[in-house]
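This is what each chain is made of:
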Amino acid sequence: MPSSDSDTCAIFADAFSAHQNGDLRSASKLYSLVLKSNPRHSDSLHLLGLINQQSGNHIEAKKLILRAIKSNSNNSLYHNNLGLVFFSLDDFKNAIKSYKKAIEISPNYTQAMFGLANIHLKINNTHSAIVLYNKIIKIEPNFYDAYKNLGNAYTKEGKYNKA
């Protein structure tokens, strides 16, 4: 267990580096070590949640990211990734809430808008999806997946000339 805040910071940095390099096993162990000394370390909770999400363990991912949000409720990234977890669990109602909260915190957060738009497209609320995809493109003109999904939404509505 880390003996000081500087040890905790160093271990977190190593965990984050391992995570970025795709060594999820080492990253997971190191994030867990950080959490032993500081159970409310929101970044470790969040990133360990993401590892669980990437590994298909959506229930554990949800628990960890919810704990991260409890420690730091104004982090739009946490809410966005919780939306992704809920989407993976087919819990669209809570995914929508999470994405909306991320956008409330960071109004131009195109990744959260994209997640929200994708849910609207999936549940056949194509008008809302189209509005969001257009907003994303206005904010971030090089967001190519938004163009692709906008075309899919127009196709779903039978507006082939716009697709």
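It should be noted that the structure appears before, not after, this text.
Calculation notes
- Residues numbered from 1 in each chain as written.
- Predicted model: local features only at pLDDT ≥ 70, side-chain atom pairs only at ≥ 80, totals over all residues.
- Heavy atoms only, no water.
- Helix = DSSP H or I, 4+ residues; strand = E, 2+ residues; numbered from the N terminus.
- Contact = heavy atoms within 4.5 Å.
- Salt bridge = Lys/Arg side-chain N within 4 Å of Asp/Glu carboxyl O.
- Buried < 20%, exposed > 50% of the residue type's maximum accessible area, 1.4 Å probe, protein only.
- Core = buried A, V, L, I, M, F, W, Y, C linked by side-chain atoms within 4.5 Å.
- Expected span 1.5 Å × (residues − 1).
- Polar contact = N/O pair within 3.5 Å; in protein donor to acceptor, adjacent residues only side chain to side chain.
- Axes fitted to C-alpha atoms, helices over the stretch in contact; angles between N-to-C directions.
- Parallel < 35°, antiparallel > 145°, perpendicular 65-115°, else oblique.
- Left-handed = near helix turned anticlockwise from the far one by under 90°.
- Nonpolar A, V, L, I, M, F, W, Y, C, P; charged D, E, K, R; others polar.

## A short note on the environment of F87
Here F87 lies in helix α5 (residues 76-88). Put simply, F87 and S98 are 11 residues apart on the chain and 9.9 Å apart in space, counted from C-alpha to C-alpha. Excluding its chain neighbours within four sequence positions, the residues that come into contact with F87 are F92, A95, I119 and K122.

## Considerations on the pattern of salt bridges
Within this structure, the stated rule accounts for 2 salt bridges. With its nearest N and O atoms 3.2 Å apart, the salt bridge here joins E104 to K101. Linking E104 with K101, this pair stays in helix α6 (residues 92-105), spanning 3 residues, or about one helical turn. Using a relative accessible area of 57% as the deciding quantity, one classes E104 as exposed.

## So, the nonpolar core
Membership of the largest hydrophobic core comes to 47 residues, with the highest contact counts inside it found for Y31, Y133, I136 and A146. With 7 residues, the top contributor of residues to this core is helix α7 (residues 110-122). If sequence neighbours within four positions are ignored, A146 has contacts with F114, Y133, I136 and I137.

## Focus: helix α1 (residues 5-20)
An ideal rise of 1.5 Å per residue puts 22 Å on 16 residues; α1 measures up with 22 Å between its terminal C-alpha atoms. Packing partners of the buried residues in α1 comprise α2 (24-37) and α3 (42-54).

## Here's the deal with the environment of L89
In this fold, L89 is placed in the loop between α5 and α6. For the pair formed by L89 and H58, sequence separation is 31 residues and the distance between their alpha carbons is 6.9 Å. Among residues more than four places away in sequence, those in contact with L89 are H58, I59 and K62.

## Considering the environment of I11
Checked against the element boundaries, I11 lands in helix α1. Put simply, I11 and F87 are 76 residues apart on the chain and 31 Å apart in space, counted from C-alpha to C-alpha.

## As for α5
The first and last C-alpha atoms of α5 sit 19 Å apart over 13 residues, in line with the 18 Å expected at 1.5 Å per residue. Elements that come into contact with the buried residues of α5 comprise α3, α4 (58-71), α6 and α7. Sitting at the amino-terminal end of α5 is N75, which places a side-chain oxygen 2.9 Å from the backbone nitrogen of L77. Positive phi appears at D90, one or two residues downstream of α5, with a value of about 60°.

## Concerning the packing of α1 against α3
Where α1 contacts α3, the two axes come as close as 11 Å, and the packing angle between them is 25°. In terms of axis orientation, α1 runs roughly parallel to α3. As α1 packs across α3, the resulting crossing turns out to be left-handed. Where α1 abuts α3, its residues F12, F16 and H19 lie against D43, S44, L47, L50, I51 and Q54. By residue class, the composition of the contact of α1 with α3 is 5 nonpolar, 3 polar and 1 charged.

Taken by themselves, the reported measurements are silent on function.
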